[in-house]
Amino acid sequence: MSLKSDTNFTTPDTRYEKLRHQASKTANDHILLVLMGPALLIITAIFVYPVFYLLRQSLYLTIPGTVERFVGLENFVTMFQSSEFWDYFVNTLIYSFGSLAISLGSGLVVALAINHVAHSRLRDAYSTLVMFSWAIPLAVVALIWKWMFTGNELGFFNMVLMDLGLIAAPIAWLSSPNFAMLAVMLTDAWARMPFAMLLLLAGLQSIPKHMYDAAKVDGATTFQTFRAITVQYLRPYIAIVALINWMFAFRAFAVVFPMTAGGPGTSTTIFSIHIYREGMINFNYGYASAVAVFIIGITLVVATFYVTMVMGGMDE
């Protein structure tokens, strides 16, 4: 007795069936492209195209009321020859690395404190409470801290310091070049601290408990245990937090602009504020695009170096 299958695997005869068969065969042969194609198109639309347009715009001179003119690298030459540009570069580095140091340090302290809570539900409650600040938009955070840094008796910090007798008169925090940068750095760090805490807490909870037990048996001190075990296991997490928090702080705008708008003077003018002034106020889109291209270049160089040298070295 023979069995005959009704399934026909031969090439279809009609034109419609041939097209359908070819499309199905192509999709099966390029399944990765079919699955990733829509995502790649979206990325191209919202990221790749704007970057290429930004590169093009940086090569043109734009003057309000006139037609834009191709000038090649003239905007970059003007940018590098400007003393103000390098002042803003220094301000950006101070702001980004200051925010990173504060957010990373405070995030590690909070993560260590929460990790030592014995009750799991209480530990989760503390983590959730800290994460609330991460859910607040940066512009709202800036406005809240702007009120706290108000330079009269109604400002939160002035009220606390005067009640404690540490100062005799209110301090004009945001109007003083000596304090304005510190104020915006603290605000930015407070907004980014929960992210650092979350990743570092995950790293702490992944450390095997027997490592601490062995260190205790060997008679290691708390500092020796922290340096030899905790820090070593947290190195990949610290590297990720450092890279991401620095990249966001390096191009930050939503904190500085509502609080100081780059003032007093230019003491808190960072690259994002400089781009806003040149592009949206002076309508010098070519020069503003050149500064933006410089920011992207610095970020890519640092990120590439960090991933290949720092994080790559951890795997060896």
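In this text the structure is predicted, and so the values were computed from the model without any measurement.

Colleague: Can you tell me about the overall build of the protein, naming the residues and giving the values?
Modeller: If you tally the helices and strands in the protein, you get 13 helices and 2 strands. Counting across all 316 residues of the protein, residues that qualify as buried make up 35%.

Colleague: A description of helix 12 (residues 271-281) should follow, citing residues and the corresponding values.
Modeller: Where helix 12 is concerned, the buried positions are Phe 271, Ser 272, Ile 273, His 274, Glu 278 and Gly 279. Backbone geometry just after helix 12 places Phe 283 at a positive phi near 55°.

Colleague: Can you lay out the packing of helix 5 (residues 120-135) against helix 8 (residues 177-205) for me, pointing to particular residues and giving the numbers?
Modeller: Between helix 5 and helix 8, whose axes approach to 7 Å, the crossing angle comes to 150°. When the axes of helix 5 and helix 8 are compared, the pair comes out roughly antiparallel. The crossing of helix 5 and helix 8 is left-handed. Packed against helix 5, whose contacting residues are Arg 123, Ser 127, Val 130, Met 131, Ser 133 and Trp 134, the element helix 8 presents Trp 190, Ala 191, Met 193, Pro 194, Phe 195, Met 197, Leu 198, Leu 201 and Gln 205 at the interface. A class-by-class count of the residues in the contact of helix 5 with helix 8 yields 11 nonpolar, 3 polar and 1 charged.

Colleague: Explain a nonpolar patch on the surface to me, using residue names and the numbers behind them.
Modeller: There is a patch of nonpolar side chains on the surface, built from Leu 35, Met 36, Leu 40, Ile 42, Ile 43, Ile 46 and Phe 47 and spanning about 730 Å² of accessible area. Mapped onto the fold, Ile 46 is located in helix 2 (residues 31-57).

Colleague: I'd like a description of the packing of helix 4 (residues 83-115) against helix 5, backed by residues and values.
Modeller: Taken N-terminus to C-terminus, the directions of helix 4 and helix 5 make an angle of 155°; their axes are 9 Å apart at the nearest point. Considered as vectors, helix 4 and helix 5 are oriented roughly antiparallel to each other. Here Val 110, Ile 114 and Asn 115 of helix 4 lie close against helix 5, whose contacting residues are Arg 123, Tyr 126, Ser 127 and Val 130. Tallied by class, the residues present in the contact of helix 4 with helix 5 amount to 4 nonpolar, 2 polar and 1 charged.

Colleague: If you had to explain the pattern of salt bridges to someone new, which residues and values would you point to?
Modeller: For the structure shown, the criterion picks out 2 salt bridges. Among the salt bridges present, the one from Glu 68 reaches Arg 56, with a minimum N-O distance of 3.1 Å. With Glu 68 in the loop between strand 1 (60-61) and strand 2 (69-70) and Arg 56 in helix 2, this residue pair connects regions lying 12 residues apart in the sequence. By relative accessible area, which is 32% here, Glu 68 ends up partly exposed. When its relative accessible area of 33% is taken as the criterion, Arg 56 is described as partly exposed. The salt bridge partner of Asp 188 is Arg 192, with a shortest N-O separation of 2.6 Å. On the criterion of helical spacing, the pair formed by Asp 188 and Arg 192 is a turn pair, its members being 4 residues apart in helix 8. The pair formed by Asp 188 and Arg 192 is uniform in burial state, with each residue classed as buried.

Colleague: Describe the side chain of Ser 267, and please don't skip the residues or the numbers.
Modeller: The residue Ser 267 is located in the loop between helix 11 (256-259) and helix 12 in this model. Those residues in contact with Ser 267 that sit more than four places away from it in its chain are Asn 91, Pro 177, Ala 180, Met 181 and Gly 262.

Colleague: Explain the packing of aromatic side chains residue by residue, including any values.
Modeller: What characterises a pair of aromatic rings is the spacing of the ring centres plus the angle enclosed by the ring planes. Inspection of every chain in the model, using the stated rule, returns 28 aromatic pairs. Centroid distance Phe 85 to Trp 86: 5.0 Å. Interplanar angle 80°. Geometry classified as edge-to-face. For Phe 85, a relative accessible area of 0% translates into the label buried. With centroids separated by 4.7 Å and ring planes inclined at 25°, the aromatic side chains of Trp 246 and Phe 250 adopt a geometry described as stacked.

Colleague: An account of the nonpolar core is requested, with residue identities and associated values reported.
Modeller: Formed by 38 residues in total, the largest nonpolar core has its most connected members in Met 79, Phe 85, Met 197 and Phe 271. Mapped by element, the contributors of at least two residues to this core are helix 3 (74-81), helix 4, helix 8, helix 10 (222-250) and helix 13 (285-314). Sequence-distant contacts of Phe 85, that is, excluding residues within four places in its chain, are made with Met 79, Phe 80, Phe 271, Tyr 287, Val 291 and Phe 294. Listed in part, the 22 residues of the second largest apolar core include Tyr 95, Ile 171, Val 184 and Val 255.

Colleague: Give me the lowdown on the side chain of Ser 272, citing residues and values where you can.
Modeller: On the secondary structure map, Ser 272 appears in helix 12. By relative accessible area, Ser 272 is classed as buried at 11%. Not counting residues within four places of it along the chain, the set of residues in contact with Ser 272 comprises Arg 251, Ala 252 and Phe 253.

Colleague: Help me get a handle on unusual backbone geometry, residues and values and all.
Modeller: At the junction of Gly 263 and Pro 264, the peptide bond is cis and its omega measures out at -5° in the coordinates. Unlike most non-glycine residues, Ala 261 shows phi in positive territory, near 55°. Tracing the chain through its elements places Ala 261 in the loop between helix 11 and helix 12. Residue classification places Ala 261 among the partly exposed positions, given a relative accessible area of 33%.

Colleague: Got a sec to walk through the confidence of the model for the protein? Specific residues and values, please.
Modeller: In the predicted model, the protein carries a mean pLDDT of 86, and the fraction of residues at 70 or more is 90%. Across residues 1-9, where pLDDT falls below 50, the model places 0 contacts with residues more than four positions away in sequence or in other chains.

Colleague: Tell me about the environment of Phe 80, and please be specific about residues and values.
Modeller: The residue Phe 80 is located in helix 3 in this model. A residue is classified by how much of its surface remains accessible, and Phe 80, at 37% relative accessible area, is partly exposed. For the pair Phe 80 and Val 291, spaced 211 residues apart in the sequence, the C-alpha separation amounts to 9.6 Å. Excluding anything up to four places from it in sequence, Phe 80 contacts Phe 85, Trp 86 and Phe 294.

Quick notes on the rules
Residues numbered from 1 in each chain as written. Predicted model: local features only at pLDDT ≥ 70, side-chain atom pairs only at ≥ 80, totals over all residues. Heavy atoms only, no water. Helix = DSSP H or I, 4+ residues; strand = E, 2+ residues; numbered from the N terminus. Buried < 20%, exposed > 50% of the residue type's maximum accessible area, 1.4 Å probe, protein only. Axes fitted to C-alpha atoms, helices over the stretch in contact; angles between N-to-C directions. Parallel < 35°, antiparallel > 145°, perpendicular 65-115°, else oblique. Left-handed = near helix turned anticlockwise from the far one by under 90°. Contact = heavy atoms within 4.5 Å. Nonpolar A, V, L, I, M, F, W, Y, C, P; charged D, E, K, R; others polar. Patch = residues over 30% accessible without salt bridge, like charges linked within 9 Å, V, L, I, M, F, W, Y side chains within 5 Å. Areas by Shrake-Rupley, 256 points an atom, 1.4 Å probe, with all protein chains shown as cover. Salt bridge = Lys/Arg side-chain N within 4 Å of Asp/Glu carboxyl O. Phe/Tyr/Trp six-rings, centres within 6.5 Å; stacked < 30°, edge-to-face > 60°. Core = buried A, V, L, I, M, F, W, Y, C linked by side-chain atoms within 4.5 Å. pLDDT = per-residue confidence, 0-100.

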